[in-house]
Amino acid sequence: MLESGNIMTVQLPLKPTCRPCSLLGLLALIIASKCHYTPEPDQQRTLPPGWVSLGRVDPEEELSLTFALRQQNLERLSELVQAVSDPGSPRYGKYLTIEDVAELVRPSPLTLHTVQKWLWAAGARNCNSVTTQDFLTCWLSVRQAELLLPGAEFHRYVGGPAKIHVVRSLRPYQLPQALAPHVDFVGGLHRFPPTSSLRQRPKPQVAGTVGLHFGVTPSVLRERYNLTARDVGSGTTNNSQACAQFLEQYFHDSDLAEFMRLFGGNFAHQASVARVIGKQGRGRAGIEASLDVQYLMSAGANISTWVYSSPGRHEAQEPFLQWLLLLSNESSLPHVHTVSYGDDEDSLSSAYIQRVNTELMKAATRGLTLLFASGDSGAGCWSVSGRHQFRPSFPASSPYVTTVGGTSFQNPFLVTNEVVDYISGGGFSNVFPRPSYQEEAVVQFLNSSPHLPPSSYFNASGRAYPDVAALSDGYWVVSNNVPIPWVSGTSASTPVFGGILSLINEHRILSGHPPLGFLNPRLYQQHGAGLFDVTRGCHESCLNEEVEGQGFCSGPGWDPVTGWGTPNFPALLKILLNP
Ligand SMILES: *[C@@H]1O[C@H](CO)[C@@H](O)[C@H](O)[C@H]1NC(C)=O
Ligand SMILES: *[C@@H]1O[C@H](CO)[C@@H](O)[C@H](O)[C@H]1NC(C)=O
Ligand SMILES: *[C@@H]1O[C@H](CO)[C@@H](O)[C@H](O)[C@H]1NC(C)=O
Ligand SMILES: *[C@@H]1O[C@H](CO)[C@@H](O)[C@H](O)[C@H]1NC(C)=O
Ligand SMILES: CC(=O)N[C@H]1CO[C@H](CO)[C@@H](O)[C@@H]1O
């Protein structure tokens, strides 16, 4: 809680150049804009397709805004990520507690004081902080918020598949110049909830039926990835795993039970989710939520599973941001988190992207493994001043997460080798430079791929993703008591890979080793050992003459379509079980 304290004055510590702001009257108003700045000028603020405005919000309505306070010691934080995640380092696996992280990044007393004073003066009384003290969530009336953030104008919008309501401002907000050293950005104004790109693809044609399977089920996955009935959680450790939902999507325990009745016959599993963080509404189950829960609990079978259910359900909150706040406010968390949230990198402000990336670094120092889906549009495509380019997605493009791409069976009805699933997201970041752990692998790919797209389509110096992959095509999911076939997307691959890492963590914990934590430095050092290399197929991209719908192509070793490949559990366990 932000204590009200005894700060009663409303004067801000203004910079000398901003002195005219303190004048009264019209003149001050005219000059005032000079003393303000726009923290997120580059944030996309257009209404996403399928959303409509319901008009301006009543000035007396209350809304909740999130203030990202400037952190300290970020250089040191980045060194620590490297030290705890690099098997060659003496600090490998010696993770930080949330208190250690707080000690390191906590905003300076000046920052805390300045921001509190400003919020208090604006009438924000009800503010909550997190353990690391670098976020504040405050309740204000719309009137107060619009005065606090000049330029903002709050409207209510309805849209998305679940026709949810959100309160947002499509106009940019400003902050007093004096806050520039203290606030990264204010959350809850511009970004709309993400949409799922999961799709149901038509069933492929099939001739004979002997010995065939009709879509991906837990037993098909467990066969392909060499999991035996013994490869399940022992129930004797405090191991756990989690998936996060941001779409006002719910799962039903009855769907999980039906799914396991249909498909879970040959492996021990847990009957229900161990913990739901946030509120589960009473609405219909969503396919995305059902899929995540059912496959995380089938790959990471018999391991305690948490679900983060649409955190931040107030209309003015950004669910992904609220999930990050939850991570910074909880000392005991599952070791593995799978997330299918993503946005176009270019649609997000640089202030937001950099800050989210710092949050991902904080998680890495704590030994959390964060897996993100690589996206379902291949290399992506957009046009910049009339020229086509591929379109990277974030947080898939963050150097501090493990990104999971997608594959299909070569023969869709047999447990065979995997090839690229053409939707598998992948490419090169335009924001983050290539991290050192992938230098060798990416250079090798760029020098040897026979089908490289024109260099104007991608930024070869950026962080390249995905890092790994798993099947993403033709899944069975039970949703609202109905088994649904041919569900496809990297949102399916991500919980599968996550569950397999949880099984490996189980063995590590039983052997007295720390959990895997941020995997990439180790994964690249081992050159993808323990994974099936996917060497055939290309993913989709721009539909123009120059590239004819083709993005990158997979080949031997790492590639920006399927990363190092898909899990071969016994081999991966062997190589990742070493301390
Ligand atoms: C963080 O946790 C504390 C203690 O549980 C709680 O009081 C506070 O409201 C939480 N912060 C946020 C932003 O939810
Ligand atoms: C795992 O599966 C592959 C392909 O299905 C097979 O070739 C291999 O022998 C299996 N076992 C191990 C231990 O890798
Ligand atoms: C599955 O977990 C439970 C505890 O949650 C444990 O009692 C049981 O032995 C485990 N099953 C197997 C096959 O290890
Ligand atoms: C390419 O990526 C680098 C970071 O690796 C970035 O600084 C640069 O602006 C990017 N170029 C374009 C055209 O986006
Ligand atoms: C992360 C996690 O699952 N922690 C659990 C460890 O065990 C204690 C006691 O059973 C639980 O309260 C924690 O939630």
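This structure is a prediction, so every number in the text was calculated from the model and none was measured.

**Q** Even after reading the chapter, I still don't get the site of ligand 3, so can you show me in this structure?
**A** Neighbouring ligand 3 are the residues V232, G233, S234, G235, A268, Q270 and N302. Between ligand 3 and G233 there is a distance of 3.5 Å, counted from an oxygen atom to a backbone nitrogen or oxygen. Here ligand 3, which alone exposes 360 Å², has 44% of that area covered by the protein. Of the residues belonging to the shell around ligand 3, the class tally is two nonpolar, five polar and no charged.

**Q** How should I be thinking about empty space enclosed by the protein in this particular structure?
**A** Empty space among the atoms can be located by rolling a probe the size of a water molecule over them. For the coordinates displayed, the defined rule picks out six cavities of 30 Å³ or more. The computed volume of the largest cavity comes to approximately 90 Å³. If you go around the largest cavity, the residues you meet are P194, T195, S196, A244, Q245, F246, L247, E288, D292, S340, Y341 and G342. At the level of secondary structure, the elements contributing two or more residues to the lining of the largest cavity comprise β11 (240-245) and α8 (287-299). Within this model, the second largest cavity holds a volume of roughly 60 Å³. Lining the second largest cavity, in full, are I98, V101, T132, L324, L327, S328, E359, K362, A363 and R366. Elements supplying a minimum of two residues to the lining of the second largest cavity: α3 (98-105), α9 (319-327) and α10 (350-365). Residue contributions to the lining of the second largest cavity peak at three residues, all from α10. Of the residues that constitute the lining of the second largest cavity, the class distribution is five nonpolar, two polar and three charged.

**Q** Explanation requested: the site of ligand 4 in the structure shown.
**A** Taken together, the neighbourhood of ligand 4 is formed by N430, V431, F432, P433, N459, S461 and G462. Here an oxygen atom of ligand 4 and a side-chain polar atom of N459 are 2.3 Å apart. Between an oxygen atom of ligand 4 and a side-chain N or O atom of S461, the distance comes to 3.4 Å. Burial of ligand 4 by the protein chains amounts to 47% of its free accessible area of 360 Å². No other element matches strand β22 (residues 427-433), which puts four residues into the shell around ligand 4. The residue makeup of the shell around ligand 4, split by class, is three nonpolar, four polar and no charged.

Thresholds applied
Residues numbered from 1 in each chain as written. Chains lettered and ligands numbered in written order. Predicted model: local features only at pLDDT ≥ 70, side-chain atom pairs only at ≥ 80, totals over all residues. Heavy atoms only, no water. Near = heavy atom within 4 Å. Polar contact = N/O pair within 3.5 Å; in protein donor to acceptor, adjacent residues only side chain to side chain. Areas by Shrake-Rupley, 256 points an atom, 1.4 Å probe, with all protein chains shown as cover. Nonpolar A, V, L, I, M, F, W, Y, C, P; charged D, E, K, R; others polar. 1 Å grid on protein atoms, 1.4 Å probe; cavity = no way out; pocket = protein on both sides within 12 Å on 5 of 7 lines; lining within 4 Å. Points joined across faces, edges and corners; volume = space filled by probe spheres on them. Helix = DSSP H or I, 4+ residues; strand = E, 2+ residues; numbered from the N terminus.

Spatial relationships are all this shows, so hold off on functional conclusions.
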